[in-house]
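# Chain and residue survey
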Amino acid sequence: ITILGIETSCDETAAAVLRRHGDGTTEILSNIIHTQDDHAAFGGVVPEIAARAHVEKADQVVTRALEEAGMTDGGIDAVAATSGPGLIGGVMVGMMTAKAYALSRAIPFIPVNHLEGHALSARLTEDCPFPYLLLLVSGGHTQLLRVDGVGRYARLGTTIDDAAGEAFDKTAKLLGLGQPGGPKVQAAAETGDATRFDLPRPLLKRPGYDFSFSGLKTAVRLAAEELAPLSDQDIADICASFQRAAAKHLAARTERAMTDFEIPAGDTGRLVIAGGVAANTEIRAALTALVDSKGWTLLVPPSKYCTDNAAMIALAGAEHLVAEGAPPLAETLALAPRARWPLDENPEGRRHGGG
Ligand code: ATP
Ligand code: MG
Ligand code: FE
């Protein structure tokens, strides 16, 4: 089957065409991403501006994805679009675009949970069987999940305050580095001294698998205030120290979950990291060292599939289509976008929009 995917939940307008073969392998025929630059002056994503920009770009991005895949004359079997969670205006635009395409061609429309896209993204490029432990680290989420199959997710832990990506973005904003913060902090950290600041180790003694980033954020702010005005070296050192602390925290909590993870007999442990923050090289290095020490395998999608993209949405849609068959068009056309949509919700919930 060949499926068109559409992603509009935050500030990237994205479309992709993916082909899933009978043996379960997939081919990404196109992957178009337009990142909105309209938010730069505001220090964060402005929902109304994002929605308007999605309206302006959605058709173009879809057309380019179809052109690049050589599918402008038909041949698409289904359309999948992010239907939540995310900024509601943007999600609405993506869903409307997908529904219009599906209706005009009389093909199925499949609503996809954005987090499920991230959760399955390692399977775009790698042989990554179930079950696996998933560290989902993005702009809005920081979670550890057990993934037992498509649609089968159990949440083990989550952040009790800020998400990891949010902490990178706030650190960058505080230091005047611009947005999105993750890549800026990583670049600044390259010439920094990660040992200069003694930042807190969050939840070190706390059992369970939850995360916390607000203490780190406060420590960074206090360090910056104390040193103001900041030299370039100060900024680099703060970024390096923050990045090191974030990597250690993520690794420490993941290690706990690995220790308790039940691996089927005869199998080995697999850790998948996904979401925009999984693009971070120091975090990848820390998790690589952890996984090596435990004899597990680490699977990380290439960076372009870690941050928001439509290939992962097409893949999630294709997997559901194969597993459950095509949902009746009249049913999915009636679905509303969802601002909140937990990944570990009862599977029956996925076709009942409006939450
Ligand atoms: P969610 O998926 O939770 O709805 P989102 O879609 O905005 O949120 P993603 O697109 O998956 O999140 O990731 C964006 C986040 O990833 C931003 O917070 C960004 O700063 C962060 N990020 C991107 N690249 C890096 C990097 N190299 N290092 C650290 N963080 C990064
Ligand atoms: Mg984004
Ligand atoms: Fe995302």
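In this text the structure is predicted, and so the values were computed from the model without any measurement.

Here is what the cut-offs are and how they apply
Sequence order sets the numbering: in each chain, residues are counted from 1 along the sequence as written. Chains and ligands are labelled sequentially in the order written, the chains with letters from A and the ligands with numbers from 1. In keeping with the predicted nature of the model, local features appear solely for residues at pLDDT of at least 70, side-chain atom pairs appear and are counted solely at 80 or more, and the whole-chain, interface and lining totals rest on all residues. Here the rule is simple: two strands pair whenever DSSP picks up at least two bridges between them. Numbered from the N terminus, helices here are DSSP runs of H or I no shorter than four residues, and strands are runs of E no shorter than two. Angular values range over 0 to 180 degrees, each being the angle between N-to-C directions of two axes fitted as lines to C-alpha atoms, with helices fitted over their stretch in contact. For classification purposes, angles smaller than 35 degrees are called roughly parallel, those larger than 145 roughly antiparallel, those between 65 and 115 roughly perpendicular, and all remaining angles oblique. Residues are treated as contacting if the C-beta atoms built from their backbones sit within 7 Å of each other. Here the nonpolar group is Ala, Val, Leu, Ile, Met, Phe, Trp, Tyr, Cys and Pro; Asp, Glu, Lys and Arg are the charged ones; every other residue, Gly included, is treated as polar. Residue count minus one, scaled by 1.5 Å, sets the expected span of a helix. For every residue, the other C-beta atoms within 10 Å of its own C-beta are counted; 20 or more classify it as buried, 12 or fewer as exposed, and values in between as partly exposed. C-beta atoms are placed from the backbone. By convention here, the C-beta atom is placed from the backbone, and a residue is near a molecule or strand when that atom is within 6 Å of it.

## Remarks on the pairing of strand β7 (residues 142-149)
- The sheet contact formed by strand β6 (residues 132-137) and β7 spans six bridges and is antiparallel. Residue pairing across strands places leucine 134 opposite leucine 145, the latter belonging to β7.
- Connecting the antiparallel pair β6 and β7 is a turn made up of four residues.
- The pairing of β7 with strand β8 (residues 152-158) spans six bridges and is classified as antiparallel. Directly across from glutamine 143, in β8, lies its bridge partner threonine 158.
- In textbook terms, the turn of a hairpin is the stretch between consecutive antiparallel strands, and for β7 and β8 this stretch comprises two residues, one of which, glycine 151, has a positive phi near 80 degrees.

## Brief notes about the packing of helix α4 (residues 164-174) against helix α6 (residues 214-227)
- One way to put it is that α4 packs onto α6 with a least axis distance of 10 Å and a crossing angle of 10 degrees. Here α6 runs roughly parallel to α4, going by the angle between their axes. Facing α4, whose interface residues are Ala167, Lys170, Thr171 and Leu174, α6 presents Leu216, Lys217, Val220, Arg221 and Ala224.
- The residue inventory of the contact of α4 with α6, partitioned by class, reads five nonpolar, one polar and three charged.

## Describing helix α10 (residues 311-324)
- Taking 1.5 Å as the rise per residue, α10 with 14 residues should run 20 Å; its terminal C-alpha atoms sit 20 Å apart, in good agreement.
- The buried fraction of α10 amounts to 10 of the 14 residues, a majority that puts the element mostly inside the structure.
- Among the residues of α10, Ala311, Met312, Ile313, Ala314, Leu315, Ala316, Gly317, Ala318, Glu319 and His320 are the ones counted as buried.
- Downstream of α10 by a residue or two, glycine 325 has a phi angle that is positive, lying close to 80 degrees.

## Details of the site of ligand 1
- Neighbouring residues of ligand 1: 24 residues in total, closest Gly139, Gly140, Gly165, Gly182 and Gly276.
- At the level of elements, α3 (114-120), α4 and α5 (181-189) are the ones that each hand at least two residues to the shell around ligand 1.
- Among the elements that line the shell around ligand 1, the one with the most residues is α5, at four residues.
- Its residues assigned to classes, the shell around ligand 1 comprises six nonpolar, 16 polar and two charged.

## So, the sheet that holds strand β10 (residues 297-299)
- The strand order across the open sheet formed by five strands is β8-β7-β6-β9-β10, and the pairing between neighbours is mixed. Each edge of the open sheet carries a strand with a single partner, namely β8 and β10. The mean inter-strand angle of the sheet, taken between neighbouring strand axes irrespective of direction, is 25 degrees.
- In the sheet, β6 pairs with strand β9 (residues 270-274) via four bridges, with the strands oriented parallel. By the bridge assignment for β9, leucine 135 is matched with isoleucine 273.

## Some thoughts on the environment of isoleucine 110
- Relative to the assigned elements, isoleucine 110 resides in strand β5 (residues 109-113).
- Owing to 28 C-beta atoms within 10 Å, isoleucine 110 belongs among the buried residues under this scheme.
- For the pair isoleucine 110 and alanine 80, spaced 30 residues apart in sequence, the C-alpha separation works out to 4.5 Å.
- Contact partners of isoleucine 110, with chain neighbours within four places excluded, come to Ala78, Ala80, Gly317, His320, Leu321, Pro327 and Thr332.

## As for the sheet that holds β5
- In spatial order, the strands read β3-β2-β1-β4-β5; together these five strands make up an open sheet with mixed pairing. Only two strands of the sheet have a single partner each, and these edge strands are β3 (26-35) and β5. In this sheet, neighbouring strand axes are inclined to one another by 20 degrees on average, regardless of whether the strands run parallel or antiparallel.
- Strands β1 (2-7), β2 (12-20) and β3 of the sheet are contacted by helix α1 (residues 47-69), whose axis makes an angle of about 25 degrees with β2.
- Contacts from helix α2 (residues 88-105) reach β1, β4 (78-84) and β5, with the element oriented near 160 degrees to β4.

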